[in-house]
Amino acid sequence: MDMTLLLLLTLFVVAVFLGVELITKVPPTLHTPLMSGSNAISGISLVGALLSAGSGAGIMVNVLGFIAVVLATINVVGGYMVTNRMLAMFKRK
Amino acid sequence: MTTFIFLAYLVAAVLFILGIKGLTKPRTAVRGNQLSAMGMFIAVVVTLFDQSILSYEWIIAGVLVGGTIGALMATKIKVTDMPQMVALLNGFGGGASLAIAAASFLDPAAATNTVALISIGATIIIGSVTLSGSFVAFAKLQELISGNPIKVPGNKPLNAILLLSAIGLAIAIVMDPTNTNLMYALVAVAVVLGVLLVVPIGGADMPVVIALLNSYSGIAAATTGFITGNTVLIVSGSLVGASGIILTQIMCKAMNRSLFNVLFGVMAEGGEKVDADEIYAGKVKSTSPDEIAMMLETAERVVIVPGYGLAMAQAQHAVRELANVLQSRGTDVKYAIHPVAGRMPGHMNVLLAEAEVPYDQLIEMDEINPQFEQTDVAIVIGANDVTNPMAREDKGSPIYGMPILNVDKARTVVVIKRSLSPGFAGLPNPLFAMDNALMLFGDGKKGIVELTQSLKEAE
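Residues numbered from 1 in each chain as written. Chains lettered and ligands numbered in written order. Predicted model: local features only at pLDDT ≥ 70, side-chain atom pairs only at ≥ 80, totals over all residues. Heavy atoms only, no water.

What counts here: UniProt positions are given in the numbering used here, feature names are shortened, and annotations may be inferred rather than shown by experiment.
As annotated in an unreviewed UniProt entry, chain A carries the name proton-translocating NAD(P)(+) transhydrogenase and is attributed to Shewanella japonica. Per UniProt, the comment on chain A under Catalytic activity (unreviewed entry) is "NAD(+) + NADPH + H(+)(in) = NADH + NADP(+) + H(+)(out)".

And the structure:
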């Protein structure tokens, strides 16, 4: 195994543990915004989608990249906006 | 340039972590969400400077289309339909990862080494399952198909065969990276697997399914990160994956069912068949809004217990109005929230927050349960199985061991319900026949509105 893969695996495992520590502290009241907010974060695949949609590797790669950009952008924009909308309801007293 | 991009990804990852940290308190949650969005903005903008991007037409078109759809969904969706929205977003997340994996497979420059190919195979499996599974969950929640468990003959062996075929095909594409047909076959098999995994799962188990698919969509993003060694994808994918897994565990625990039983639609067998007529015969007392209003006039402590029926009846504003009237008379009003009430984690909380119920009045199960003994009136609206005392007392009952809200300990329990029909577990609820229980038959919203009216007139 090369060093890069080991580093990436380390990153993955450490991030999972960090995630577990953080998320167990989220109160049940905020579980729905947590899910929509994490939907938005998983829209980070947009970063990978941009590279495929803009690559010069042929039309099929571009089309698949385009589909990925559309879906990931829905997650990013829709996820953050709907989370914000819900959290605003929790904020007011 | 690459160094700069990866440093920016690091900043983005830190902002995501701070964003989730913000979600641990309602007070800091909005700020957290903004930090997270800022992280996303940074990650996306620096990626646009990547030298491998040659043209921007597809990117601009995709961002415009996706941004418009996302913004419309987020602003138009009704709060009662939030489970459907989350189900769709889970599916889109899986679909995006799937499309990237397929694109990387077709791109000779991207799919170069074994690690990338293994990651592509894994992403295609998880992404496809998430995509199709989420759409089935959406269809169930939107009632496009029946919300009841749909039995598929030979479900378990069939799923096992599909999963093994998918793994086999994934190995095959690693061995033969030029064969695109194998890749499409893998997508097809995994999509069917996703459908069959969710079809047998019933409506009341949806909180588990949604949480689990949420986790899958994160894991799919993380495996996508391994294709090209993209650090920000790995970190944020793992955060989301962990989040979904924890919610799944919380939901399973709250139903006292193993993840395996939920996934395969297994309800605990056992116990002699309980006859509903025998339990209810002659013991169920029906009441009227006026009678309840009279009780509420003298009540000092009232606990409202909402369930999925509250969302169905869109009764959250009516309930808030009733609570307002009670509170203005000096009555203490609290809401008892069971973790699996509704169709997704936190469903009741969001619903009541929309009706401007302050979140400090929403009390979790473990905290509210000891308080029922000092409660004068508990009002159960649209909840059934989560109040069934058999879960606590009857060792032979299929739901024995499931933590419930001890509403039966209250001095009086008022249950607002259309009929005596059983809940998801298909069991009669002895609560309805108890001496201290009164049934108000009818539509939840109408019942609450009439009750509020009677209470106001009593002034």
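1. As for the overall build of chain A
Formally: Segments assigned H or I by DSSP are reported as helices when at least four residues long, segments assigned E as strands when at least two residues long, and all are numbered from the N terminus. The reference for a compact globule is 2.2 Å times residues^0.38; the radius of gyration itself is calculated from the C-alpha atoms. Three exposure classes are used, based on accessible area relative to the maximum for each residue type with a 1.4 Å probe and protein chains only: buried under 20%, partly exposed in between, and exposed over 50%. Note on definitions: a residue-residue contact is assigned when non-hydrogen atoms from the two residues lie within 4.5 Å.
Looking only at helices and strands, chain A has four helices and zero strands in total. Starting at the N terminus and ending at the C terminus, chain A contains elements arranged as α-α-α-α. Here the C-alpha radius of gyration of chain A, 17 Å, is well above what a compact globule of 93 residues would show, namely 12 Å. Overall, chain A is about 55 × 35 × 10 Å in size when its C-alpha atoms are taken along their principal axes. Looking at chain A as a whole, 61% of its 93 residues are labelled buried. Restricting to contacts in chain A with at least 6 residues of sequence separation, those with at least 24 account for 60%.

2. Topic: the environment of B:Glu450
Residues and elements named next belong to chain B. With respect to the helices and strands, Glu 450 occurs in helix H18 (residues 444–457). Glu 450 gets classed as partly exposed once you look at its relative accessible area, which sits at 34%. A C-alpha to C-alpha distance of 29 Å links Glu 450 and Pro 83, two positions 367 residues apart in sequence.

3. Notes on the interface of chain A and chain B
For the record, the criterion: Buried area, as used here, totals the accessible surface that two parts lose on assembly, with accessibility defined by a 1.4 Å probe and the loss added over both. For this analysis, a salt bridge means a side-chain nitrogen from Lys or Arg found within 4 Å of a carboxyl oxygen belonging to Asp or Glu. The definition of a polar contact used here is a pair of N or O atoms within 3.5 Å, where within protein one atom must be able to donate a hydrogen and the other to accept one, and adjacent residues in sequence count solely through side-chain atom pairs.
The partner chain B presents 96 residues to the 80 residues of chain A that form the contact. Summed over both sides, the interface between chain A and chain B buries roughly 7600 Å², with carbon and sulfur atoms accounting for 78% of that surface. Where chain A meets chain B, there are zero salt bridges. Counting the contacts that link chain A with chain B gives 13 residue pairs in polar contact (both at pLDDT 80 or more). Going through the elements one at a time, helix H1 (3–23), helix H2 (31–42), helix H3 (46–53) and helix H4 (59–91) of chain A are the ones with two or more residues in the side of chain A that touches chain B.

4. Regarding the UniProt feature "transmembrane region" (unreviewed entry) in chain A
Those residues carrying the UniProt feature "transmembrane region" (unreviewed entry) are residues 59–83 of chain A in this numbering. Within the segment residues 59–83 of chain A, helix and strand shares are 100% and 0% respectively, and the terminal C-alpha atoms sit 35 Å apart.

5. What about unusual backbone geometry?
Residues and elements named next belong to chain B. For Glu 143, which is not glycine, the phi dihedral falls at a positive 60°. Mapped onto the secondary structure, Glu 143 falls in the loop between helix H5 (114–141) and helix H6 (155–175). When its relative accessible area of 55% is taken as the criterion, Glu 143 is described as exposed.

6. Description of a nonpolar patch on the surface
Just so we agree on the cut-off: Residues forming no salt bridge and having over 30% relative accessible area are the ones grouped into patches, like charges within 9 Å of each other and nonpolar side chains (Val, Leu, Ile, Met, Phe, Trp, Tyr) within 5 Å. Methods summary: accessible areas were calculated by the Shrake-Rupley approach with a probe of 1.4 Å, and residue burial reflects only the protein chains presented.
A contiguous nonpolar surface patch, about 530 Å² in accessible area, is contributed by B:Met1, B:Phe4, B:Phe41, B:Val45 and B:Phe49. For B:Phe4, the position within the fold is in helix H1 (residues 2–22).

7. Some points on the packing of H3(A) against helix H2 (residues 26–47) of chain B
Heads up, the condition is: Axis angles are defined between N-to-C directions and span 0 to 180 degrees, where every axis is a line fitted to C-alpha atoms and, for a helix, only to the segment in contact. By definition in this entry, angles of less than 35 degrees are roughly parallel, angles greater than 145 are roughly antiparallel, angles of 65 to 115 are roughly perpendicular, and the rest are oblique. Crossings are assigned a handedness: left-handed for a near helix turned anticlockwise from the far helix by less than a right angle, right-handed for a clockwise turn.
Axis separation between H3(A) and H2(B) bottoms out at 9 Å; the angle between their running directions is 20°. Between H3(A) and H2(B), the angle falls in the class roughly parallel. Handedness of the crossing formed by H3(A) with H2(B): right-handed. Contacts from A:Leu46, A:Val47, A:Leu50 and A:Leu51 of H3(A) reach H2(B) at B:Ala43, B:Val44 and B:Thr47.

8. A look at the sheet that holds strand S1 (residues 301–306) of chain B
Residue and element names in this part refer to chain B. So the rule is basically this: Pairing between two strands requires that DSSP report at least two bridges joining them.
Here six strands make up an open sheet; going across it, the order is S3-S2-S1-S4-S5-S6 and the pairing parallel. At either end of the open sheet lies a strand with only one pairing partner, and these are strand S3 (362–364) and strand S6 (437–441). Averaged over all adjacent pairs, the angle separating strand axes in this sheet is 25°, with direction ignored. Here S1 runs beside strand S4 (residues 377–381); their pairing, made up of five bridges, is parallel. Paired with Val 303 across the two strands is Ala 378, which belongs to S4.

9. Quick look at the pairing of strand S2 (residues 332–337) of chain B
Residues and elements named next belong to chain B. Rule in force here: Viewed with both strands pointing away, a crossover whose connecting path from the first strand over the helix to the second turns clockwise is right-handed.
In the sheet, S1 pairs with S2 via four bridges, with the strands oriented parallel. Looking at the pairing, Val 303 lines up with Lys 334 of S2. Pairing between S2 and S3: three bridges, direction parallel. Within S3, the position partnered with Tyr 335 by the bridge is Leu 362. Note on the crossover from S2 through helix H15 (residues 347–354) to S3: the handedness is right-handed.

10. Quick notes on the pairing of S6(B)
All names here are of chain B. Across the five residues that make up S6, a large majority, four, are buried. In this structure, strand S5 (residues 412–417) lies alongside S6, joined through five bridges in parallel fashion. Looking at the pairing, Val 414 lines up with Leu 438 of S6.

11. A closer look at H15(B)
All names here are of chain B. The buried fraction of H15 amounts to seven of the eight residues, a majority that puts the element mostly inside the structure. Where H15 is concerned, the buried positions are His 347, Met 348, Asn 349, Val 350, Leu 351, Leu 352 and Ala 353. Just beyond H15, the residue with positive phi is Glu 356, at close to 65°.

12. Considering the pattern of salt bridges
All names here are of chain B. Inspection of the entire model under this criterion finds eight salt bridges over all chains. Here Lys 456 makes a salt bridge to Glu 321, at a shortest N to O gap of 3.2 Å. In this pair, Lys 456 sits in helix H18 while Glu 321 sits in helix H14 (residues 316–328), placing the two residues 135 residues apart along the sequence. Linking Asp 443 and Arg 418 is a salt bridge whose minimum nitrogen-to-oxygen distance equals 3.1 Å. Here Arg 418 lies in the loop between S5 and S6 and Asp 443 lies in the loop between S6 and H18, a separation of 25 residues in the sequence. Accessibility expressed as a relative area gives 26% for Asp 443, which makes it partly exposed.

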